[in-house]
Amino acid sequence: MDFHIKDARPIWQQLSAQLKLRIVTGFYAPGSRFPAVRELAAEAGVNPNTMQRALTQLESDGLLITNRTVGRSVTTDVGALSALRSELAGEETAEYLEAMGRLGYGRRECAELILEGEKI
Amino acid sequence: MNLVEIHGLSKRYGSIQALDKAELTLETGRIIGLAGPNGSGKTTLIKTLNGLICPDEGSVLIDGHEPDRYTRSILSYLPDRDYFADWMKISDMMDIFDDFYADFDRSKADELCRTLQLDPMQRIKSLSKGTREKMQLMLVMSRRSKLYVLDEPLAGVDPAAREFILHTILTNYNENGSVLISTHLISDVEQVLDEVVFIKEGQIVLHRNADDLRAESGRSIDECFREMFRYSGWKEN
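For clarity, every value in this text was computed on a predicted model and none was experimentally measured. (Residues numbered from 1 in each chain as written. Chains lettered and ligands numbered in written order. Predicted model: local features only at pLDDT ≥ 70, side-chain atom pairs only at ≥ 80, totals over all residues. Heavy atoms only, no water.)

A. Representation of the sheet that holds strand β2 (residues 16–26) of chain B in the model. All names here are of chain B. Taken together, the three strands give an open sheet; going across it, the order is β2-β1-β4, and neighbouring strands pair in antiparallel fashion. Strand pairing shows two members of the sheet lacking a second neighbour, β2 and β4 (57–62), which therefore form its edges. The average undirected angle you get between the axes of adjacent strands in this sheet is 20 degrees. In the packing of helix α1 (residues 42–50) onto the sheet, contacts are made with β1 (4–13), β2 and β4, and the angle to β1 comes to roughly 120 degrees. (Pairing = 2+ DSSP bridges. Helix = DSSP H or I, 4+ residues; strand = E, 2+ residues; numbered from the N terminus. Axes fitted to C-alpha atoms, helices over the stretch in contact; angles between N-to-C directions. Contact = heavy atoms within 4.5 Å.)

Below you can see the structure in the form of structure tokens.
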């Protein structure tokens, strides 16, 4: 799972979105220690201050817990993690529906397509 | 105190106004991109920071000092062209830097030679243009400086090496220092910048936090740059 920065959105927002995905998929397990800012910044090839801003966002979302002595770790709050999962699912769905809408498909047709796809 | 303070800076070469009352302040701990088209005054601005050019008017303060011996001891400069005696070996240049600069870290230089795949025993004469640039970068980033001033560090290297050089800058700059990178290849440096400074006809026309600029304009910095510096002759109608 590599970081990729492409669109015109602020870089810290792109980073925090990708870090959320890493958290929700268990790439960083609940309760595990989170890598240091500099380490992550070097991995993504971005400025450490930018990465810091992305992490601050995750902290205020309650996904990262900062402890003075041990550093940052991923939350163990199951509620927060499942809320994040539905949030990301909602975003993906909205994006899909928008793309399909441009092709002239309504929600029902989309649903039919998906169910048909399941049979194959 | 700001790391760099430039006020009312002007410099004229004959009929050309290279700098025209430029105003700029830089804080510490930042990576700043200095962007402008060819001939906009980037190199002139950088040379006045180094004390290589005396301004006609205005003031330059680095860490509270006008360019002098002290500022040269805290400023690490990558010029836009190389200045090496090409019969020397890379290790000779490392010796010179070691003698000249108290903040030169020899072990860091050795480490950078390994990561950049430079052989210290090689003669400068035998190096390709891109490898020379890598060597210059190795020397400049091996100093533990307060301010790194890199004039077009990516101009002569291939795209893969560019990424590697940016990585080198990111992982080697002093955390208490700032890096000023001049470039006209914004898209390459965009993601490492804290701040962007646009220079046009010798004046600083924009100085913003990079992500704020992206958020407000809804564009990449490269697009903002193209918009601002589009040649008037290209406009429709």
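B. How the structure looks around the domain arrangement of chain A. Residues and elements named next belong to chain A. One can read the domain layout of chain A as domain 1 (11–76) and domain 2 (79–119). For domain 1 and domain 2, the distance between their C-alpha centres works out to 27 Å. The contact between domain 1 and domain 2 buries some 600 Å² in all, and 85% of this surface belongs to carbon and sulfur atoms. For domain 1, the biggest contributors to the area lost against domain 2 are Lys20, Val24 and Leu63; these three give 62% of the whole. Joining domain 1 to domain 2, the criterion identifies one salt bridge. Close ionic contact of lysine 20 with glutamate 87 constitutes a salt bridge, the shortest N to O distance being 3.5 Å. Summed over the shared surface of domain 1 and domain 2, the result is one residue pair in polar contact (both at pLDDT 80 or more). Here the residues of the side of domain 1 that touches domain 2 sort into five nonpolar, one polar and one charged. (Domains from an automatic or database assignment. Buried area = accessible area lost by both parts, 1.4 Å probe. Salt bridge = Lys/Arg side-chain N within 4 Å of Asp/Glu carboxyl O. Polar contact = N/O pair within 3.5 Å; in protein donor to acceptor, adjacent residues only side chain to side chain. Nonpolar A, V, L, I, M, F, W, Y, C, P; charged D, E, K, R; others polar.)

C. Looking closely at the pattern of salt bridges. Within this structure, the stated rule accounts for 24 salt bridges over all chains. Of the charged contacts, one joins aspartate 82 of chain B and arginine 132 of chain B as a salt bridge, the two residues approaching to 3.0 Å between their closest N and O atoms. Of this pair, aspartate 82 of chain B sits in the loop between β5 (75–78) and α3 (90–100) while arginine 132 of chain B sits in helix α5 (residues 129–141), and the two are 50 residues apart along the sequence. Here aspartate 82 of chain B falls in the partly exposed class, since its relative accessible area comes to 30%. Residue arginine 132 of chain B is classed as buried on the basis of its relative accessible area, which comes to 17%. Here arginine 208 of chain B ties to glutamate 216 of chain B by a salt bridge, and the two come within 3.0 Å at their closest N and O atoms. Overall, the relative accessible area of 28% leaves arginine 208 of chain B in the partly exposed class. Ionic contacts of the salt-bridge type, sharing partners, join the residues Lys20, Asp61 and Glu87 of chain A into one network. (Buried < 20%, exposed > 50% of the residue type's maximum accessible area, 1.4 Å probe, protein only.)

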